[in-house]
Amino acid sequence: MERAECEAAERRLDALEKKITHAEDCIAISNIINRYLLYFQAADANNITATVDWDLPLVWSDVNKGRLMGSRPNLEFFDQRPSLARMPGALVQHESACKVIEIDEEGITAKTAEMSPGFKCLALGRSQVWSMAKYYHDLRKVNGEWKIWHWHWFNFIEGDAGLGWMYQNRSYWKECLYEELDSIHSKNITVPPEPSPYTDYFRKDGHMYPYPEPPAPYAVWDQSDDLTKTRPY
């Protein structure tokens, strides 16, 4: 084989190796997010937290009550799950659909967005709730393993099943109206959440902007967050 043919073959092999690595990374990223969702449904606090690298700087999550900054408030939030799940009638399910994954050129960080339809049966059978939302994640590969770094839950529709999905009713807040549930939510929360820089309610008096948009291809993670807005209205 001539030198030019050898060099061409090496380039093809390099390109093939990059494609294989990218495919493996996409599978691993999808798998870790799906594991998080399944563990969350099962209220498996230990395995939920195992999907996150708590040693990464600026670990945060956005939930219905605000942004939880750092490992301590997030771990306190997840510690509630087993107690809530043991209450009669409690069930939470968030699914993953239409997942978009973008990985940087070095294969170190990733951004994802996905639709996440689901439902909740409030503890003690207080209500049955449809939950239509989206997820956004930043992830990092540490020692060859992908871990969640930032995650944001955009819950733009949540309403009682018997009243229709346009009826807005935040079940998390409704839970806190009941003493037995509020005691679980608040008993171990020592760090209050910070305000989240977004509005995700369904509105009948204006157009909707259902964050997040699919992540765009990028070369290096630049601390841009999930509020990127490209639609001009």
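Calculation criteria
- Residues numbered from 1 in each chain as written.
- Predicted model: local features only at pLDDT ≥ 70, side-chain atom pairs only at ≥ 80, totals over all residues.
- Heavy atoms only, no water.
- pLDDT = per-residue confidence, 0-100.
- Helix = DSSP H or I, 4+ residues; strand = E, 2+ residues; numbered from the N terminus.
- Phe/Tyr/Trp six-rings, centres within 6.5 Å; stacked < 30°, edge-to-face > 60°.
- Buried < 20%, exposed > 50% of the residue type's maximum accessible area, 1.4 Å probe, protein only.
- Lys NZ or Arg CZ within 6 Å of the ring centre and 35° of its normal.
- Pairing = 2+ DSSP bridges.
- Contact = heavy atoms within 4.5 Å.
- Salt bridge = Lys/Arg side-chain N within 4 Å of Asp/Glu carboxyl O.

## A closer look at the confidence of the model for the protein
Part 1 of the reasoning: The share of residues in the protein with pLDDT of 70 or more is 88%, and the mean pLDDT across the chain is 85.
Part 2 of the reasoning: Averaged over each element, pLDDT in the protein is lowest for helix 4 (residues 171-175) (62) and highest for strand 4 (residues 97-103) (95).

## Some details on the packing of aromatic side chains
Part 1 of the reasoning: For the structure shown, the criterion picks out 11 aromatic pairs.
Part 2 of the reasoning: Geometrically, the ring pair formed by W149 and W221 is tilted, given 4.5 Å between the ring centres and 45° between the ring planes. With W149 in strand 7 (residues 145-160) and W221 in the segment after helix 5 (179-186), this pair connects stretches of sequence that are 72 residues apart. We note that W149, like W221, is buried.
Part 3 of the reasoning: Here Y209 and Y211 contribute two aromatic rings whose centre-to-centre distance is 4.9 Å and whose plane-to-plane angle is 40°, an arrangement assigned as tilted. Exposure class is identical for Y209 and Y211. Each is buried.
Part 4 of the reasoning: A connected cluster of aromatic rings, assembled from ring pairs, spans Y36, F40, W54, F77, F78, Y135, W151 and W153.
Part 5 of the reasoning: Taking NZ or CZ as reference, K111 lies 4.6 Å from the ring centre of Y218, over its face.
Part 6 of the reasoning: Positioned over the ring face of W149 is R140, at 5.0 Å from the centre of the ring.

## Topic: the pairing of strand 6 (residues 128-142)
Part 1 of the reasoning: As judged from the 13 bridges shared by strand 5 (residues 109-121) and strand 6, these two strands associate in the antiparallel manner. Bridge pairing in strand 6 places K111 opposite D138.
Part 2 of the reasoning: Counted between consecutive antiparallel strands, the loop separating strand 5 from strand 6 contains six residues, among which L124 sits at a positive phi close to 65°.
Part 3 of the reasoning: Pairing between strand 6 and strand 7: 14 bridges, direction antiparallel. Across the sheet, residue R140 finds its bridge partner in strand 7, namely K147.
Part 4 of the reasoning: Linking strand 6 back to strand 7 in an antiparallel pair, the connection comprises two residues, with N143 at a positive phi of about 55°.

## Digging into the side chain of E102
Part 1 of the reasoning: Mapped onto the elements of the fold, E102 is located in strand 4.
Part 2 of the reasoning: Aside from chain neighbours lying at most four places away, what touches E102 is T109, A110, K111, P215, A216, P217 and Y218.

## Some thoughts on the pattern of salt bridges
Between side chains of opposite charge, a pair can form when the charged atoms approach closely.
Part 1 of the reasoning: Across all of its chains, the model carries six salt bridges by this definition.
Part 2 of the reasoning: The partner of D62 in a salt bridge is R67, and the shortest N-O contact between them spans 2.8 Å. For the pair formed by D62 and R67, the shared burial category is buried.

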